[in-house]
2 protein chains.
Amino acid sequence: MKDIRGVLLDLDGVLYVGGRPVPGAVEALASLRERGCPVRFLSNSTRRSRASVAARLRGMGFSIGGQEILTPAVAAAAMLRGEGKTGFLLTIGDTRRDFEEAGVTLAKDRPDAVVVGDAGDLFSYDLLNRAMRMVLSGAGILALEKDRTWMGADGPMLSAGPFVAALEYATGRQAFCIGKPSPAFFTTALQSLGVPASGAAMIGDDIETDIGGAQRCGIRGILVRTGKFREETLSTSGIHPDLVIDSVADLPEIL
Amino acid sequence: MKDIRGVLLDLDGVLYVGGRPVPGAVEALASLRERGCPVRFLSNSTRRSRASVAARLRGMGFSIGGQEILTPAVAAAAMLRGEGKTGFLLTIGDTRRDFEEAGVTLAKDRPDAVVVGDAGDLFSYDLLNRAMRMVLSGAGILALEKDRTWMGADGPMLSAGPFVAALEYATGRQAFCIGKPSPAFFTTALQSLGVPASGAAMIGDDIETDIGGAQRCGIRGILVRTGKFREETLSTSGIHPDLVIDSVADLPEIL
């Protein structure tokens with residue numbers, strides 16, 4: 001791992017768990033910065049804008065610039081902007097801000113793309129009907145993520161994936177997924193990092209989206225035993241991390 | 001067609017369109033009854049109980065007994081009752097009545113099956129989360145139908161299918177579908193009709209669920225040019241009806 005020249009870090013479960021920093025994580029990040037190792041943060045969160053994510057991390061004591069954070073909304077906004085396309089957002093929180101800041105035209109009618117995030121309570125029969133009709137009228141389905149569920153306070157909660165699947169089934173159209181583990185997401189992160197895949201490592205707690213996704217792009221995958229890590233998932237996933245470490249606190253010494 | 005000894009009829013689009021009887025349909029049905037030809041009605045409607053469907057048809061002038069009507073809810077209720085299983089209903093209207101009349105135990109917690117119909121506005125993030133957790137805890141997904149959409153007053157509306165797809169995606173479990181075109185549905189109808197597949201005909205306006213479904217069970221499929229019939233669908237579906245007639249009014253003369 002001594003030839004790693006740039007690091008991609010997942011956020012939830014790696015830098016923090018349950019809203020509190022993982023012990024040693026603040027210091028590990030500071031150590032990487034001291035060495036001049038470029039770092040980017042890859043989150044699949046679709047409920048917060050990049051600015052909100054950065055503010056939250058700073059509140060936990062991490063030294064992070066907003067431009068270092070890549071979320072599916074940021075990637076989707078860049079894509080729509082680059083292609084001159086309009087979007088209709090099925091998102092909550094202040095995710096909309098990422099699209100506004102990128103200069104994407106948000107349409108309530110006949111958009112080029114229906115952008116589906118983890119919209120929680122916003123998902124209603126009425127709104128899903130509207131989205132379905134937009135797709136039948138020609139809009140593409142742009143999935144910010146296709147996770148099945150996320151772990152809420154009292155049990156699993158539906159993520160964006162099931163609603164993307166519903167729209168796909170209703171319309172017969174396939175969604176384009178832009179979050180982890182899509183190769184486009186990792187490629188965008190590498191470009192921002194300024195390091196080729198062979199010189200980069202992805203640090204994550206999700207063996208499929210973080211480790212599997214990175215490895216398919218030629219990026220080494222380092223799994224941490226924090227967050228959603230489970231010994232069982234590691235042994236049954238069929239994915240072999242390049243390295244497994246106890247937590248992100250161990251990162252400086254192995255690089 | 002002279003050897004047809006029993007007839008299965010779709011309702012919406014065949015006997016009536018937009019809440020009004022198809023011209024000649026009342027008389028055609030009366031003619032079949034005069035000849036002593038057994039008739040059963042197969043609807044994929046999941047928003048009304050069998051009793052409500054019968055009352056509605058009688059209001060249009062059709063002579064129909066409730067026991068002659070087979071809906072996915074009636075079939076699902078019979079299946080759950082036969083297997084001694086409990087169900088949690090994602091349905092609206094008075095569909096619940098079919099389950100109560102069959103003696104099925106309806107559970108709000110840890111059911112054996114989550115029964116998904118076209119539940120319209122009832123579908124909410126909260127309710128879908130509850131259903132997903134039930135499936136993750138071991139319940140099966142029993143789909144009353146898997147249609148994509150139905151045509152509402154102001155455009156297409158999501159049917160049960162997309163929500164079934166969402167639950168399947170979220171849980172990794174496959175739904176069992178009990179409505180048309182499932183073979184189990186046609187088999188149940190034939191048993192009630194008392195006629196083998198080779199002696200029966202299915203009259204419908206949906207080339208896939210009515211005609212394709214029936215033909216896969218060895219039942220002849222007669223397509224009507226009423227309801228959702230479209231010349232284009234007929235030519236592109238790859239399904240070849242045994243006969244195409246203008247409307248159900250033509251039925252007596254061809255049998």
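Everything discussed here concerns the structure shown above.
Residues numbered from 1 in each chain as written. Chains lettered and ligands numbered in written order. Predicted model: local features only at pLDDT ≥ 70, side-chain atom pairs only at ≥ 80, totals over all residues. Heavy atoms only, no water.

**Focus: helix α3 (residues 72-83) of chain A**
In an α-helix, one turn spans 3.6 residues; hence positions three or four apart end up facing the same way.
All names here are of chain A.
Piece 1. With 12 residues, α3 should cover 16 Å at 1.5 Å per step; its first-to-last C-alpha distance of 16 Å lies within 8% of that length.
Piece 2. Of all the positions in α3, only Pro72, Ala73, Val74, Ala75, Ala76, Ala77 and Leu80 are classed as buried.
Piece 3. Just downstream of α3, Gly84 is the residue with a positive phi angle, here 65°. (Helix = DSSP H or I, 4+ residues; strand = E, 2+ residues; numbered from the N terminus. Expected span 1.5 Å × (residues − 1). Buried < 20%, exposed > 50% of the residue type's maximum accessible area, 1.4 Å probe, protein only.)

**Section: the interface of chain A and chain B**
Where interface size is given, it is often the accessible area lost as the parts come together that is meant.
Piece 1. Each side of the interface is counted separately: chain A has 30 residues, and chain B has 30 residues.
Piece 2. Buried surface at the junction of chain A and chain B, summed over both partners, amounts to about 2,500 Å²; 63% is from carbon and sulfur atoms.
Piece 3. Of all residues in chain A, A:Tyr125, A:Arg133 and A:Tyr169 bury the most surface against chain B, accounting for 33% of the area lost on that side.
Piece 4. Our count for the chain A to chain B interface comes out at two salt bridges.
Piece 5. Ionic pairing is found between A:Arg133 and B:Asp154, a salt bridge with its closest N-O pair at 3.2 Å. (Contact = heavy atoms within 4.5 Å. Buried area = accessible area lost by both parts, 1.4 Å probe. Salt bridge = Lys/Arg side-chain N within 4 Å of Asp/Glu carboxyl O.)

**Notes on the side chain of A:Arg50**
Piece 1. Along the chain, the position of A:Arg50 falls in helix α2 (residues 50-59).
Piece 2. No salt bridge is formed by the buried A:Arg50; the nearest opposite charge belongs to A:Asp98, separated by 5.1 Å. (Lys, Arg positive; Asp, Glu negative; His and termini not counted.)

**Comments concerning the pairing of strand β13 (residues 220-224) of chain B**
All names here are of chain B.
Piece 1. With five of five residues buried, β13 lies mostly within the body of the structure.
Piece 2. Both faces of β13 are covered, namely the face carrying Arg220, Ile222 and Val224 and the face carrying Gly221 and Leu223.
Piece 3. Strand direction decides the pairing type here: strand β12 (residues 200-204) and β13, joined by four bridges, are parallel. Bridge pairing links Met202 to Gly221 in β13.
Piece 4. You can see the chain leave β12, run along helix α8 (residues 207-216) and come back into β13, and the turn it takes is right-handed.
Piece 5. Looking at chain direction, β13 and strand β14 (residues 243-245) are connected through three bridges and run parallel. Paired with Val224 across the bridge in β14 is Ile245.
Piece 6. Viewed along the sheet, the connection from β13 through helix α9 (residues 231-236) into β14 turns out right-handed. (Pairing = 2+ DSSP bridges. Right-handed = clockwise from strand over helix to strand, strands pointing away.)

**Here's the deal with the pattern of salt bridges**
Close approach of charged atoms allows side chains of opposite charge to pair.
Piece 1. Across all of its chains, the model carries 24 salt bridges over all chains by this definition.
Piece 2. As a salt-bridge pair, A:Lys228 and A:Asp206 come within 2.9 Å of each other at their nearest N and O atoms. Residue A:Lys228 is located in the loop between β13 (220-224) and α9 (231-236), and its partner A:Asp206 is located in the loop between β12 (200-204) and α8 (207-216); the two are separated by 22 residues in the primary sequence.
Piece 3. The shortest N-O distance in the salt bridge between B:Lys180 and B:Asp210 comes to 2.7 Å.

**What about the state of the cysteines?**
Piece 1. Counted by the stated rule, this structure contains zero disulfides over all chains.
Piece 2. The thiol of A:Cys217 is unpaired, and the distance to the nearest cysteine sulfur, on A:Cys177, comes to 13 Å. (Disulfide = S-S within 2.5 Å.)

**What to know about the relation of the copies chain A and chain B**
Piece 1. Mapping chain A onto chain B leaves a residual RMSD of 0.0 Å; the transformation is a rotation of 180° accompanied by 0.1 Å of translation along its axis. Such a combination of rotation and displacement between the chain copies is what one expects of a two-fold axis.
Piece 2. With an isologous cut-off of 70% or more, the 100% of interface residues of chain A that recur at the interface of chain B puts this contact in the isologous class. (Least-squares fit on C-alpha atoms with pLDDT ≥ 70 in both.)

**Here we look at the environment of A:Ala75**
All names here are of chain A.
Piece 1. Relative to the elements of secondary structure, Ala75 occurs in helix α3.
Piece 2. In this structure Ala75 comes out as buried when scored by relative accessible area, which is 10%.
Piece 3. Discounting residues that sit within four places of it in the chain, Ala75 has contacts with Leu70, Ile178 and Phe185.

**Looking at the pairing of strand β4 (residues 39-42) of chain B**
All names here are of chain B.
Piece 1. Here β4 shows two buried faces, one formed by Val39 and Phe41 and the other by Arg40 and Leu42.
Piece 2. Of the pairings in the sheet, the one linking strand β1 (residues 6-9) to β4 comprises three bridges and is parallel in character. Counted as the bridge partner of Leu9 is Phe41 from β4.
Piece 3. Summarising the sheet, β4 and strand β5 (residues 69-70) pair through two bridges and their orientation is parallel.

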